[in-house]
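The lines below spell out each chain.
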Amino acid sequence: MGDIFKEQAEKLVDQMTIEEAGSQLRYNSPAIERLGIPAYNWWNEGLHGLARSGTATVFPQAIGLAAMFDRDILKRIAEVVSIEARARYNESRKEGDRDIYKGITLWSPNINIFRDPRWGRGQETYGEDPYLTGELGLSFIRGLQGDGKYLRVAACAKHFAVHSGPENLRHSFNAVVSEKDLRETYLPAFEKAVKTGKVETVMGAYNRTNDEPCCGSPTLLDKILRKEWGFDGHVVSDCWAVNDFHLHHNVTNAPFESVAMAINAGCDLNCGDCFLCLQTAIDEGLVTEEAVRNAAKRLYTTKARLGMFADDCEYDSLGQLDIDTKENRSLSYEAGCRSIVMLKNDGILPLKKENVKTIAVIGPTADSREVLNGNYNGTASEYITNLEGIRRVAGDDIRVIYAEGSHLYKDRVQNLAEPDDRICEAVSAAKVSDVVIISVGLDATIEGEEGDTGNAFAAGDKVNLLLPEVQRKLIRRVAETGKPIILVNNTGSPMDLSEEEELSSAILQCWYSGEYGGLALADTIFGNNNPSGKLPITFYKDGTLPEFTDYSMKGRTYRYLEEEPEFPFGFGLGYSKLRYDKLEIKSMEGQVLCSVDVTNIGEYDAEEITEVYIAGNIIEKAENEMNEAFLGRLSLDNQPRYSLAGFGRNLIRKGETVRVSVSIDRDSFKTVLSDGSKELLHGKYTIYVGGSQPDSLSSRLTGAAPLSMDVEI
């Protein structure tokens, strides 16, 4: 199939003049009328719903989708995104609209590692773990691209590579990373996207990696991506990143030199305007006509794979009625329910309606649509905010009193009002209520991408892990009333909630929760949904992190963490208690199979996420069978404590026992050496299976430790 598409592409490009071929290397590629080729804009987004082109289904932000630990629903969500994108593309073509955000090349998913919780764009990722990120990215890519004769849309793995802030330095920053960290943390998800997912597009990053601009890096784009991994699609630059070569990285002296560096390294498509200088680069002898035609052929192969030149494409019948359907909206609600992570519950949840007469709903995010959207979002036809959801589910017999309580942050105060001018109203509402639901957090105007936020002082990143002081003051004042507090946190990143934890009876982490996020929250509070999400990223205590610009993994993420966090990766509470028994581990061809009985001994049906981790005494193994020279290739001071190697999600009804099986690829047992190579060190490994990672904090918070068993590999 691929050969046919390449032949189509070659036939078309070979008919183009070099000027025409070069024009097709721009994201807003013009029409070539003499060949019957219409204009096409390559730039479209589909991070958690079709974005920026009108009405579409808005799902929870990517970090919330990651909290579901669910491959199947992520694939279903991506299928919806791609169907709506195809439908919009078909309808736009009918109206002659070939503008930005109307195409079927979606620049999603973002599979960077969320290594530092201050990074504003971390909300776009699947968290801090390379295995989880790789598995969820794979599901999303498969859902987007489909398994038909043609690609439903072309997915894009971004940003390649070693990219996670700071946002205000991204155009000039040089991410220095060891070969071990590169291969152990930053590249595995991309490798899986390329080699297993057959992702059609890879987008380079703004920064340099080990001195090479990512969008012009021979190491990343040629040596690793194409030669080592066999990537068969096209590479696109991040937007205006090629301009950074001469403007900020200072590795070239002029735009045409930057163009040459990008194309010669393997960047085929320019999001930006730098490739307008392509002819100059050719005239100066820096770029060959063959290189230009090869890039154009890769782009046209993608077009052929999308069925753009075919009259039998199975997706041409999709249209307006396939966008924002009842089924799509229902899936968004389901994802909203599954993504909620309960971080604390002293027994107050779920609320019993018969015991509650009055509820105070307080806080700057309680009636906010922005916290439902996150960034890179579409526009839903209906939104249900936290306040609206609580009112709807509470019913007519419970009085719901609303008070904003505070502004989102101090600098948003308007009309010369004091920053805490709304606290008095909130305290009054709390005093007359049986329970208080305080809805706090951030939104995409504070954390997000540089240039997209009003947070100019940090370019979209957070300066610390604390809630804005106006919100913290609100919580303290309400807590003084003595009324029980259910804290709802809508953020796209981890926060230090240590003080708030002491003042609250329950904490629900709701992320940026999608168009029906408020209804999902309310159904969780009142027990119609048993919370099942788990943290895809560690919640650290403020002040314990390494320097933001340090890209070493030492001291970062649950795998290398030296300090005890507030809430650990993989943690999340539910309304039911699950018991693990009868762990059995079998070594099979190419994999290790872990089977365990999981019994629901609680009062609620539960969606249980079973997590499997691997730990090994690497030093002992190396000393037993390797020489001193080999020991020198080990980074003994920065080995993972243990690593997620498998997970599964299963419905277990109350009183039921389910035999759960999770397989581990044998490659998961390999050790990454200091030179980036991988070796399987034979010996004893410990496998942990349970509802959390095997750290002491998780065991204390959940009241149960995972089961464990040693195996010889």
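Right above here is the structure, for reference.
Described in the following lines is the structure provided in the data block. On a predicted model such as this, the values are computed, not experimentally measured, just so you know.

## What about the overall build of the protein?
Move 1: A count of helices and strands for the protein gives 23 helices and 23 strands.
Move 2: Over its C-alpha atoms the protein spans a radius of gyration of 26 Å, differing by no more than 12% from the 27 Å that the globule rule assigns to 713 residues.
Move 3: Relative to its 713 residues, the protein shows a buried fraction of 63%.
Move 4: Contacts spanning at least 24 positions in sequence make up 77% of the contacts within the protein whose residues lie at least 6 apart.
Move 5: As displayed, the protein offers around 25600 Å² of accessible surface, 45% of which is attributable to carbon and sulfur atoms.

## As for the sheet that holds strand β9 (residues 341-345)
Move 1: Ordered in space as β9-β14-β13-β12-β10-β11, the six strands form an open sheet in which the pairing is mixed. Whereas interior strands pair on both sides, the edge strands pair on one side only; in this sheet they are β9 and β11 (399-403). Averaged over neighbouring strand pairs, the angle between their axes works out to 15° when direction is ignored.
Move 2: Pairing of strand β10 (residues 358-362) with strand β12 (residues 435-441) involves four bridges; the strand directions are parallel. If you follow I359 over to β12, its bridge partner there is V435.
Move 3: Helix-sheet contacts for helix α16 (residues 423-431) involve β10, β11 and β12, and the interaxial angle to β11 is about 165°.

## Considering the state of the cysteines
Move 1: On inspection of all chains with the given rule, the structure shows one disulfide.
Move 2: Here C239 engages in a disulfide with C271; their sulfurs sit 2.1 Å apart. A torsion of 85° about the S-S bond marks the disulfide between C239 and C271 as right-handed. On the criterion of sequence distance, the pair formed by C239 in the loop between β8 (234-236) and α9 (241-247) and C271 in the loop between α10 (255-265) and α11 (278-283) is long-range, its members being 32 residues apart.

## Topic: the side chain of T538
Move 1: Its place among the elements puts T538 in the loop between α19 (517-525) and α20 (557-560).
Move 2: The contacts of T538, once residues within four sequence positions are left out, are E128, P494, T557, Y558, L561, P565, F567 and F569.

## Brief notes about the packing of α16 against helix α17 (residues 469-479)
Two quantities define a packed helix pair, namely the angle between the axes and the distance from one axis to the other.
Move 1: Closest axis-to-axis distance for the α16/α17 pair is 9 Å, and the angle between their directions is 35°. In the packing of α16 onto α17, the handedness of the crossing is right-handed. Where α16 abuts α17, its residues I423, A426, V427 and A430 lie against K473, L474, R477 and V478.
Move 2: Taken together, the residues of the contact of α16 with α17 break down into six nonpolar, no polar and two charged.

## Overview of the layout of surface pockets
Move 1: In this model, the largest pocket occupies a volume close to 1100 Å³.
Move 2: Looking at the largest pocket, it is lined by 43 residues, and the ones nearest its centre are Y131, P188, D667, S668 and K678.
Move 3: Of all the secondary-structure elements, those providing two or more residues to the lining of the largest pocket are α5 (130-145), α6 (179-186), α7 (188-195), β17 (606-616), β18 (643-652), β19 (657-665) and β20 (671-672).
Move 4: Tallied by class, residues from the lining of the largest pocket come to 17 nonpolar, eleven polar and 15 charged.
Move 5: Computed from the structure, the second largest pocket encloses a volume of approximately 540 Å³.
Move 6: Around the second largest pocket, the lining comprises 31 residues; the ones closest to its centre are S576, K577, L578, E608 and T702.
Move 7: Of all elements in the fold, only β9, β15 (578-588), β17, β22 (684-690) and α23 (696-702) reach the threshold of two or more residues within the lining of the second largest pocket.
Move 8: Among the elements that line the lining of the second largest pocket, the one with the most residues is β17, at four residues.
Move 9: Its residues assigned to classes, the lining of the second largest pocket shows 15 nonpolar, eleven polar and five charged.

About the thresholds
- Counting restarts for each chain: residues are numbered from 1 in the order of the written sequence.
- At least 70 in pLDDT is required for a residue's local features to be given in this predicted model, at least 80 for side-chain atom pairs to be given and counted, and no such filter applies to totals for whole chains, interfaces and linings, which use all residues.
- Heavy atoms from the whole structure form the basis of all side-chain values; hydrogens and water molecules are not counted.
- Numbering of helices and strands runs from the N terminus; a helix is a DSSP stretch of H or I covering at least four residues, while a strand is a stretch of E covering at least two.
- Between the two quantities, the radius of gyration covers C-alpha atoms and the globule rule is 2.2 Å times the number of residues to the power 0.38.
- Relative accessibility decides the category of a residue: with a 1.4 Å probe and only protein chains considered, values under 20% of the type maximum give buried, values over 50% give exposed, and everything between is partly exposed.
- In what follows, a contact means two residues having at least one pair of non-hydrogen atoms within 4.5 Å.
- Using a 1.4 Å probe, the Shrake-Rupley method yields the accessible areas, and only the shown protein chains count as cover for residues.
- For two strands to be treated as a pair, DSSP must find at least two bridges joining them.
- Working convention: axes come from line fits to C-alpha atoms, limited for helices to the stretch in contact. Angles between N-to-C directions cover 0 to 180 degrees.
- Any pair of cysteine sulfurs within 2.5 Å is marked as a disulfide.
- Helix crossings fall into two classes, left-handed where the near helix is turned counterclockwise from the far one by less than a right angle and right-handed where it is turned clockwise.
- Gly counts as polar in this scheme, as do all residues outside two lists: the nonpolar Ala, Val, Leu, Ile, Met, Phe, Trp, Tyr, Cys and Pro, and the charged Asp, Glu, Lys and Arg.
- Within this scheme a cavity is a closed region of a 1 Å grid, computed over the protein atoms alone, that accommodates a 1.4 Å probe without allowing it to escape, whereas a pocket is open but has protein on both sides within 12 Å along at least five of seven lines; lining residues each have an atom within 4 Å of a point.
- Grid points are joined across faces, edges and corners, and a volume is the space filled by probe spheres set on the points.

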